[in-house]
Amino acid sequence: MLYFFQQVLNGLHSGALYALLAFGYVLTNGILHRTNLAYGALFAFCGQTMILTAAFGYQALWLTLLASVALGIVAAFLYAALISHVLSRSIFEPLADRSPNAIVVTTLGILLVLSEASRIAANTHDLWLPPMLAQTIVFAQSASFKATLTLIQLLDCAAVLAAIALAAWGFTHSSFGRSWRAVSDDPKAAAMCGVDVRAVFRRAVLFGGLCAALTGVLAGFYYGNISFGTGLVYGLKILFVTAVGGYLSPLRAALGAAAFGMAESLWAGYFPLEWRDAWIYLFLVAMLVLIGAGRDQQKIA
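Residues numbered from 1 in each chain as written. Predicted model: local features only at pLDDT ≥ 70, side-chain atom pairs only at ≥ 80, totals over all residues. Heavy atoms only, no water.

> Honestly, the pairing of strand β2 (residues 146-150) in this entry has me stumped. Any pointers?
Each regular strand carries side chains that alternate between the two faces of the sheet. Counting buried positions along β2 gives 4 out of 5 residues, so the element sits mostly inside the fold. Taken together, the 5 bridges between strand β1 (residues 136-141) and β2 define a ladder with antiparallel strand orientation. Residue pairing across strands places Q141 opposite K146, the latter belonging to β2. (Buried < 20%, exposed > 50% of the residue type's maximum accessible area, 1.4 Å probe, protein only. Helix = DSSP H or I, 4+ residues; strand = E, 2+ residues; numbered from the N terminus. Pairing = 2+ DSSP bridges.)

See the structure below:
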């Protein structure tokens, strides 16, 4: 039971990162209704930016480690805001009414650009942050085994929980949340009712980008490094998870992604790790086919 409890604790952290990514992804795609492959790349790019900027501040500017990390966090959020601004105005808005394949191909190109930009900036080297807040906290123990989490894992989970709770509360009680739901349901009807559809969409893309940046920063703190190809892996997982649950509720998408992270952790604890992603993707595809067929039947009815 302690071993099972340890896998559950591990799943809390990975599930928290997936949950924040899913929340931000649905904010954009609930209005866009197109496959956005660039979102995972934005997450990885911001995490890599934080690490590279912190390394530059520490090695070139002679800042303290805390100041270097703070500088890296600021740089990650600034880049997230800039990229979100460019995406919403130069990519999503012009292509929103065209073929869905146009968004897919364009965002795939953006994914490659962001990944290559990170690789070139790092000179194809992996830079690592030093271990931070790695003290272990024991939740349960026996004579031969301890169920633990590190302090950075707990802080990551607390930061994600606070961010999602605050965002969900604001989404429920703010005019932006009401406008987002109206635009997501029917943008033309929302525009006829006086809603600035373009402004709502731009704010949704910005908030989604900031969620990706925060996830990248938290993942960078814990793992110490985010590789160039991480964005594609995380992006595909979030894409499938949110497609299964639908784009009507960011909070529901976050809860589904958290359950997905827990399932990954349990698989890693009891089954061969090299087969984890293959079986997880197979399960998500099967769920998407079954649920998609049910949605189509409801539309026909």
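Having put the structure on the table, let's press on.
> I would appreciate a short explanation of the packing of aromatic side chains in the present structure.
Pairs of aromatic rings are described using the distance from one ring centre to the other and the angle between the two planes. Within the structure shown, the criterion is met by 15 aromatic pairs. Each ring, one from F171 and one from W180, has its centre 5.0 Å from the other, and the planes form 65°; the classification is edge-to-face. The same class applies to F171 and to W180, which are both buried. With a centroid separation of 4.7 Å and an interplanar angle of 65°, the aromatic rings of Y222 and Y223 are classed as edge-to-face. According to the relative accessible area criterion, Y222 is partly exposed, its value standing at 32%. A connected cluster of aromatic rings, assembled from ring pairs, spans Y18, F43, Y234 and F260. (Phe/Tyr/Trp six-rings, centres within 6.5 Å; stacked < 30°, edge-to-face > 60°.)

> Can you walk me through helix α1 (residues 2-32) in this structure?
Along an α-helix, residues three or four positions apart point the same way, because every turn accommodates 3.6 residues. Here α1 spans 44 Å end to end across 31 residues, near enough to the 45 Å set by a 1.5 Å rise per residue. V26 marks the point of greatest bend in α1, at about 30°. The buried fraction of α1 is high, at 25 of 31 residues. Immediately downstream of α1, the backbone of H33 shows phi near 55°, a positive value. (Expected span 1.5 Å × (residues − 1). Bend = angle between axes of the 7 residues up to and from the residue.)

> So what exactly am I meant to see when it comes to the state of the cysteines here?
Throughout this description, disulfide means a covalent bond between two cysteine sulfur atoms. Counting across every chain of the model gives 0 disulfides. With no disulfide partner, C46 has as its closest neighbouring cysteine sulfur the one in C211, 11 Å distant. (Disulfide = S-S within 2.5 Å.)

> What am I meant to see in the pattern of salt bridges here?
Pairing between side chains becomes possible if they bear opposite charge and their charged atoms approach one another. Tallying each qualifying case throughout the model produces 6 salt bridges. Of the charged contacts, one joins R202 and E93 as a salt bridge, the two residues approaching to 2.7 Å between their closest N and O atoms. Here R202, found in helix α8 (residues 197-223), pairs with E93, found in helix α3 (residues 65-95); they are 109 residues apart in sequence, far enough to count as distant. Residue classification places R202 among the partly exposed residues on the basis of a relative accessible area of 26%. (Salt bridge = Lys/Arg side-chain N within 4 Å of Asp/Glu carboxyl O.)

> How should the packing of α3 against helix α4 (residues 100-121) be read in this particular structure?
The relative placement of two packed helices is expressed as an angle between their axes plus a distance between the axes. Two numbers describe how α3 lies on α4: the axes approach to 10 Å, and their chain directions differ by 155°. Relative to α4, α3 is oriented roughly antiparallel. Our pair here, α3 against α4, has a crossing hand that is right-handed. Contacts from I83, L87, I91, F92 and L95 in α3 reach A102, I103, T106, T107, I110 and L114 in α4. Here the residues of the contact of α3 with α4 are counted per class, giving 9 nonpolar, 2 polar and no charged. (Axes fitted to C-alpha atoms, helices over the stretch in contact; angles between N-to-C directions. Parallel < 35°, antiparallel > 145°, perpendicular 65-115°, else oblique. Left-handed = near helix turned anticlockwise from the far one by under 90°. Contact = heavy atoms within 4.5 Å. Nonpolar A, V, L, I, M, F, W, Y, C, P; charged D, E, K, R; others polar.)

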